[in-house]
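An overview of the molecular structure
Chain by chain, the residues:
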Amino acid sequence: MLSASAPFEGPEKLLEVWFAPSPAHIPDAKRPKNGKIGLRKVPRVVWEDMLAVVKCKVLSVIEGDETDAYLLSESSLFVFAHRIILKTCGTTLNLLGLPGILDIARDYASLPSVHQCFYSRKSFMFPERQLGPHREWKDEVAFLDAIFPRGAAYTVGKVNGDHWLLYITSPSGAVPPDIAEVPPLQDYTIEILMSDLSPEAREPFFFSASPSPRDDVPADQLPSILGQTLSTALQITEIFPPHLTTLDAYAFSPCGYSSNALLNWGDAGPDRRRGEGYYTIHVTPEEGWSYASFECNVPLSSRPSSKKEIPDIETLVRRVVNIFRPARLSLTLFISSQHNNSTEEEGADTTVEVAQRAFKAALTSSSGGLETGSGDPADPQRVYRRTDKINYEFGGYDLAFASFELR
């Protein structure tokens, strides 16, 4: 993943392609093959061929009830029945994987058209090192415009500072009458994008020597074992309740870390499924370009839950930021509009505005400070000031964007 001889671009390119509004809307929804439908039927080797074009490879995979989570040499691939998320860092050619994804969906899952596409990323640290269409935002937009007739591109935040870039297409087509009554899935993604990690936070992600082979463990499994051990030591495993989480982690040599997790977060429904989400973490620890990202699609409460299982937004932000201790960070909450307007009580603010308050409460208050695993108060000097707060309404989606830096 990392090279000690040259800067590494930690901020990821994030491509998300929906081929249907939900798993219920795909052709084989009621005809599973080996328990899987849609895109989840695609063999691993087919995804690997697509990823070779992107310039990354599969390290490992965990399979859940609704999601297959691939840990990559440069970030992650999540495959659902009806959509795919490809997140890649470094100088990977993320968008060059899109034509292959479209072919795979058509040929292996009978999904010949795109329902909606999203592409986003934080501003690059080293844009001059990027390749292909990723050299400039206008080139990425031109690449996507050549494929999608209904796309729109946005820049959110300071153009001469940390900002967030988004390309989004309008939803396509009418829903077939036989499933028109199926309610749309809530689409909810929170990202915490952290730069200039503290020396103490960076140090655990350096490995002075490769793990020593053991007679009882194959050599290719040692990075995963070290990744799991590090996840426990840093309490990454405690961000969400361990009994709800399946974690896949990898420690890179000489430095770096990635993990994917699948989470059973909801209450069991009529089909006995509880609702499955994910989170993913990627760390570039080198001084001068240190970076860590956290992404999660589990809908979070705006206030502490009495069940104390799934953290609320404020608690989640504190837990993540306390692990990585950045000097600068940006946070985004991207949510489908109909769910943004759903309030927890009559007259309450939208989810986006509530999230903005939670971001600020988690990071700018010196009373109580950030959480630590031991339960001790965090360093009271690590208090942030907000440098940007932007709420944005797109077609069918709403965004909360905020940036913070140490006072």
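Values in this document were obtained by computation on a predicted structure and should not be read as measured data.

1. Here we look at the pattern of salt bridges
Across all of its chains, the model carries 20 salt bridges by this definition. Between Asp107 and Arg106 there is a salt bridge whose closest N-O contact spans 2.8 Å. A salt bridge links Asp349 to Arg357; the nearest nitrogen and oxygen atoms lie 2.6 Å apart. Taking the relative accessible area as the measure of exposure, Asp349 reaches 37% and is therefore partly exposed.

2. So, the sheet that holds strand S9 (residues 188-197)
Across the sheet, which stays open at both edges, the 8 strands sit in the order S10-S11-S12-S13-S9-S14-S16-S15 with antiparallel pairing between neighbours. Of all strands in the sheet, those with a lone pairing partner are strand S10 (245-251) and strand S15 (384-393), marking the two edges. For this sheet, the mean angle separating the axes of adjacent strands, direction not counted, is 10 degrees. On the sheet, helix H5 (residues 222-233) packs against S10 and strand S11 (257-264) and is oriented at approximately 115 degrees with respect to S10.

3. Looking at the environment of Ala361
Relative to the helices and strands, Ala361 is located in helix H8 (residues 351-364). In sequence terms Ala361 and Thr315 are 46 residues apart; their C-alpha atoms lie 9.7 Å from each other. If sequence neighbours within four positions are ignored, Ala361 has contacts with Glu314 and Arg318.

4. A closer look at the sheet that holds strand S2 (residues 58-63)
Spatially, the 8 strands line up as an open sheet ordered S2-S3-S4-S5-S1-S6-S8-S7, and their pairing is antiparallel. Each edge of the open sheet is held by one strand with a lone partner, namely S2 and strand S7 (151-157). Taken over all neighbouring pairs, the strand axes of this sheet differ in orientation by 10 degrees on average, direction set aside. Sheet analysis places strand S6 (residues 116-122) next to strand S8 (residues 163-169), joined by 5 bridges and oriented antiparallel. The residue of S8 that forms the bridge with Ser120 is Leu166. Packing against the sheet, helix H1 (residues 44-54) makes contact with S2, strand S3 (67-72), strand S4 (75-80) and strand S5 (83-88), and its axis sits at approximately 40 degrees to S5. Against the sheet, helix H2 (residues 98-109) makes contact with strand S1 (13-18) and S5, and its axis sits at roughly 25 degrees relative to S1, the strand it touches most.

5. Section: the confidence of the model for the protein
Averaged over every residue, the pLDDT of the protein is 88; the share at 70 or more is 84%. For the stretch residues 268-272, pLDDT sits under 50, and the model shows 2 contacts to residues farther than four places along the chain or on other chains.

6. Some details on the side chain of Glu191
Its place among the elements puts Glu191 in strand S9. The buried category is assigned to Glu191, whose relative accessible area is 7%. Glu191 has contacts with Leu14, Lys87, Trp164, Phe294, Glu295, Ser330, Leu331 and Thr332, leaving out every residue within four places of it along the chain.

7. Focus on empty space enclosed by the protein
With the rule as written, the count across this model stands at 3 cavities of 30 Å³ or more. The computed volume of the largest cavity comes to approximately 140 Å³. At the level of secondary structure, the elements contributing two or more residues to the lining of the largest cavity comprise S1, S6, S8 and S9. The biggest single contributor to the lining of the largest cavity is S6, with 3 residues. Across the lining of the largest cavity, the residue classes tally to 7 nonpolar, 2 polar and 4 charged.

8. Here we look at the packing of aromatic side chains
Inspection of the entire model under this criterion finds 17 aromatic pairs. Here the aromatic rings of Tyr154 and Tyr392 are separated by 5.5 Å at their centres, their planes lie at 75 degrees, and the arrangement is edge-to-face. Taken as a pair, Tyr154 in strand S7 and Tyr392 in strand S15 lie far apart in primary sequence, 238 residues in all. The rings of Phe118, Tyr154, Trp164, Phe334, Tyr392, Phe394 and Tyr397 are connected pair by pair, giving a single aromatic cluster. Across from the ring centre of Phe80, 4.0 Å away, lies the NZ or CZ of Arg83, which sits over that ring. The lysine or arginine in question, Arg121, covers the ring of Phe124, its NZ or CZ lying 3.9 Å from the ring centre.

9. Remarks on the pairing of S15
Where S15 lies against strand S16 (residues 397-406), 9 bridges are found, and the strand directions are antiparallel. Its bridge partner lying in S16, Lys389 is registered against Ala402.

10. A short note on the environment of Val42
If you trace the backbone, Val42 turns up in the loop between S1 and H1. Looking at Val42, the relative accessible area reads 5%, which means it is buried. In sequence terms Val42 and Ala81 are 39 residues apart; their C-alpha atoms lie 9.8 Å from each other.

Thresholds applied
- Residues numbered from 1 in each chain as written.
- Predicted model: local features only at pLDDT ≥ 70, side-chain atom pairs only at ≥ 80, totals over all residues.
- Heavy atoms only, no water.
- Salt bridge = Lys/Arg side-chain N within 4 Å of Asp/Glu carboxyl O.
- Buried < 20%, exposed > 50% of the residue type's maximum accessible area, 1.4 Å probe, protein only.
- Pairing = 2+ DSSP bridges.
- Helix = DSSP H or I, 4+ residues; strand = E, 2+ residues; numbered from the N terminus.
- Axes fitted to C-alpha atoms, helices over the stretch in contact; angles between N-to-C directions.
- Contact = heavy atoms within 4.5 Å.
- pLDDT = per-residue confidence, 0-100.
- 1 Å grid on protein atoms, 1.4 Å probe; cavity = no way out; pocket = protein on both sides within 12 Å on 5 of 7 lines; lining within 4 Å.
- Points joined across faces, edges and corners; volume = space filled by probe spheres on them.
- Nonpolar A, V, L, I, M, F, W, Y, C, P; charged D, E, K, R; others polar.
- Phe/Tyr/Trp six-rings, centres within 6.5 Å; stacked < 30°, edge-to-face > 60°.
- Lys NZ or Arg CZ within 6 Å of the ring centre and 35° of its normal.

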